[in-house]
Amino acid sequence: MKRSNKKTIVENRVLAAISDYCKDLQAAGHIKDSNMIAKKISTKVAEGLLPAQQKKIYSKLTEAGTPVADIARKCKLSSKLVSAQLNQIHARTMLVGFKKDGKNKLWHKAYSH
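Residues numbered from 1 in each chain as written. Predicted model: local features only at pLDDT ≥ 70, side-chain atom pairs only at ≥ 80, totals over all residues. Heavy atoms only, no water.

> So what exactly am I meant to see when it comes to a positive patch on the surface here?
Among the surface-exposed residues, Lys56, Lys60, Lys74 and Lys76 lie close enough to one another that they form a single positively charged patch. By the secondary structure assignment, Lys74 is in helix α4 (residues 68-75). By relative accessible area, Lys74 is classed as partly exposed at 45%. (Patch = residues over 30% accessible without salt bridge, like charges linked within 9 Å, V, L, I, M, F, W, Y side chains within 5 Å. Areas by Shrake-Rupley, 256 points an atom, 1.4 Å probe, with all protein chains shown as cover. Salt bridge = Lys/Arg side-chain N within 4 Å of Asp/Glu carboxyl O. Lys, Arg positive; Asp, Glu negative; His and termini not counted. Charge placed at Lys NZ, Arg CZ, Asp CG, Glu CD. Helix = DSSP H or I, 4+ residues; strand = E, 2+ residues; numbered from the N terminus. Buried < 20%, exposed > 50% of the residue type's maximum accessible area, 1.4 Å probe, protein only.)

Rendered as structure tokens:
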């Protein structure tokens, strides 16, 4: 599925604004690692903008990778619905990624918290 350029552009602008602000704070001596803080804040903003059902699904992901069936069971939703929602999150944000395990996708959080 192709990622929506408009959403990615908005995310990039938000990240750039937050990053610039954090660099200013670092230059003033208020924080030590502006990049780490900017990434964490940007991720939290993107998470907060997800619809409720997608937030529920996103909260069940790990950084190691989880099959759709496991996420669906934890969320008490159908695998088909979870798969569709994960594909939407992936297409519209940079929050999730996947790796292939044979025929199956293992979904994971793209950024660590």
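> Help me understand a nonpolar patch on the surface, please; the structure alone is not making it clear to me.
A surface patch of nonpolar side chains, amounting to about 410 Å² of accessible area, comprises Val10, Val14, Ile41, Val45 and Leu49. When residues of the nonpolar patch are traced back to their parent elements, those giving at least two are α1 (5-27) and α2 (34-48). Mapping Leu49 onto the fold places it in the loop between α2 and α3 (52-59). We classify Leu49 as exposed; its relative accessible area is 70%.

> How do you make sense of helix α5 (residues 79-92) when you look at a structure like this?
Residues lying three or four places apart along an α-helix face the same way, a consequence of the helix completing one turn every 3.6 residues. An ideal rise of 1.5 Å per residue puts 20 Å on 14 residues; α5 measures up with 20 Å between its terminal C-alpha atoms. Looking only at α5, the buried set comprises Val82, Gln85, Leu86, Ile89, His90 and Ala91. (Expected span 1.5 Å × (residues − 1).)

> Help me out: how do you make sense of the packing of aromatic side chains in this one?
The description of an aromatic ring pair rests on the distance of the ring centres and on the angle between the ring planes. One pass over the structure, following the stated rule, counts 1 aromatic pair. When the centroid spacing of 5.0 Å and the interplanar angle of 55° are considered together, the rings of Phe98 and Trp107 count as tilted. Residue classification places Trp107 among the buried residues on the basis of a relative accessible area of 1%. It is Lys105 that lies over the ring of Phe98; its NZ or CZ is 4.2 Å from the centre. (Phe/Tyr/Trp six-rings, centres within 6.5 Å; stacked < 30°, edge-to-face > 60°. Lys NZ or Arg CZ within 6 Å of the ring centre and 35° of its normal.)

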